[in-house]
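Here's the letter readout for the chains.
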Amino acid sequence: MKIAVGSDHAGFELKKALVEYLGSTCHHVEDMGTGSGESVDYPDFAAVVGKAVAGGSADRGVLVCGTGIGMAISANKIRGVRAANCTDEYSAEMSRRHNDANILTLGSRVVTPEIGVRILKVWLGTEFEGGRHAKRVRKITGLENQNRHPDG
Ligand code: RB5
């Protein structure tokens, strides 16, 4: 699986730990920044990773900021993105099984690197259940289309 990863300055250290973990797996990792702890704006990185996932150049995305919340709010503005901010393994599992989340967001000020890696591991290892959940995910896509500007 090709995984695009991004963070702001607050998430930089946790991102490093996640990228290191992903490097030890069979996944292909693309680190899309930021590259240091210098202050940046999280929506810029949510946009890059979100577009990679929505456009199909990455299969999944992982975004890290202080809480994971700003990244989730930003990424979810991109059509086709279903970003889930997870603070525990159960939510990570359910975000895949029921919501087919294609981006995981994590908060570096909320989870330790060890817990972050555990959440990521569960999230990557869990398949979407489909069935009745597929209908609901299609309704999410329907909401994106309802809010579409008539000019596209
Ligand atoms: C940066 O201080 C912080 O606001 C950001 O990382 C994130 O937590 C926003 O949601």
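Parameters and conventions
Residues numbered from 1 in each chain as written. Predicted model: local features only at pLDDT ≥ 70, side-chain atom pairs only at ≥ 80, totals over all residues. Heavy atoms only, no water. Near = heavy atom within 4 Å. Polar contact = N/O pair within 3.5 Å; in protein donor to acceptor, adjacent residues only side chain to side chain. Areas by Shrake-Rupley, 256 points an atom, 1.4 Å probe, with all protein chains shown as cover. Nonpolar A, V, L, I, M, F, W, Y, C, P; charged D, E, K, R; others polar. Pairing = 2+ DSSP bridges. Helix = DSSP H or I, 4+ residues; strand = E, 2+ residues; numbered from the N terminus. Axes fitted to C-alpha atoms, helices over the stretch in contact; angles between N-to-C directions. Contact = heavy atoms within 4.5 Å. Patch = residues over 30% accessible without salt bridge, like charges linked within 9 Å, V, L, I, M, F, W, Y side chains within 5 Å. Salt bridge = Lys/Arg side-chain N within 4 Å of Asp/Glu carboxyl O. Lys, Arg positive; Asp, Glu negative; His and termini not counted. Charge placed at Lys NZ, Arg CZ, Asp CG, Glu CD. Buried < 20%, exposed > 50% of the residue type's maximum accessible area, 1.4 Å probe, protein only. Expected span 1.5 Å × (residues − 1). Arc of directions from axis to C-beta.

A. Layout of the site of the ligand. By nearness alone, every residue bordering the ligand is listed as Asp8, His9, Ala10, Tyr42, Cys65, Gly66, Thr67, Gly70 and Arg109. At 2.8 Å from an oxygen atom of the ligand is found a main-chain nitrogen or oxygen belonging to Gly66. The separation between an oxygen atom of the ligand and a polar main-chain atom of Thr67 is 3.0 Å. Across the complex, the protein chains shield 72% of the 300 Å² of accessible surface that the ligand would expose by itself. The class makeup of the residues in the shell around the ligand is 3 nonpolar, 4 polar and 2 charged.

B. Summary view of the sheet that holds strand β3 (residues 60-65). One open sheet accounts for 5 strands, arranged β2-β1-β3-β5-β4; its pairing is parallel. The sheet is open, and its two borders are formed by β2 (28-31) and β4 (83-85), each paired with just one other strand. Sheet twist, expressed as the average angle between the axes of neighbouring strands with direction ignored, equals 20°. Note that strand β1 (residues 2-7) and β2 share 4 bridges and pair parallel. What sits directly across from Ile3, in β2, is Val29. Contacting β1, β2, β3 and β5 (103-107), helix α1 (residues 12-23) crosses the sheet at an angle of about 165° to β1.

C. Representation of a positive patch on the surface within the structure. A cluster of basic residues, Arg132, Lys135, Arg136, Arg138 and Lys139, forms a positive patch at the surface. By the element assignment, Lys135 lies in helix α6 (residues 132-146).

D. Molecular detail of the side chain of Lys15. With respect to the secondary-structure elements, Lys15 resides in helix α1. By relative accessible area, Lys15 is classed as buried at 1%. If near-sequence neighbours (up to four positions away) are discounted, Lys15 is found in contact with Val5, Gly6, Ser7, Asp31, Gly33, Thr34 and Val64.

E. Inspection of helix α4 (residues 89-97) at higher detail. Turning to α4, its buried residues number three or more, namely Ala92, Met94, Ser95 and Arg96. For α4, the elements touching its buried residues are β3, β4 and α5 (113-125). The opening residue of α4 is Asp88, an N-cap whose side-chain oxygen sits 3.1 Å from the backbone nitrogen of Tyr90.

F. A look at the pattern of salt bridges. Taken as a whole and assessed by the stated rule, the structure comprises 9 salt bridges. With a shortest N-O distance of 3.7 Å, Glu13 and Lys16 are connected by a salt bridge. Of this pair, Glu13 and Lys16 both sit in helix α1, separated by 3 residues, roughly a single helical turn. A salt bridge links Arg118 to Glu89; its shortest N-O distance comes to 3.3 Å. Of this pair, Arg118 sits in helix α5 while Glu89 is found in helix α4, placing the two residues 29 residues apart along the sequence. Look at Glu89 and you get partly exposed, because its relative accessible area is 31%.

G. Representation of helix α2 (residues 42-55). Over its 14 residues, α2 extends 20 Å from the first C-alpha to the last, a length consistent with the 20 Å expected when each residue adds 1.5 Å. Those residues of α2 that fall on the buried side of the exposure criterion are Phe45, Ala46, Val49, Gly50, Ala52 and Val53. Along the axis of α2, the buried positions cluster into a sector of 160°, meaning they face one direction only. Those residues of α2 that are exposed and angled more than 90 degrees off the buried face are Lys51 and Gly55. Buried residues in α2 make contact with β1, β3, α3 (69-75) and β5. Gly56 occupies a position one or two residues after α2 and carries a positive phi of about 90°.

Note that all results are geometric; they support no functional claim without further evidence.
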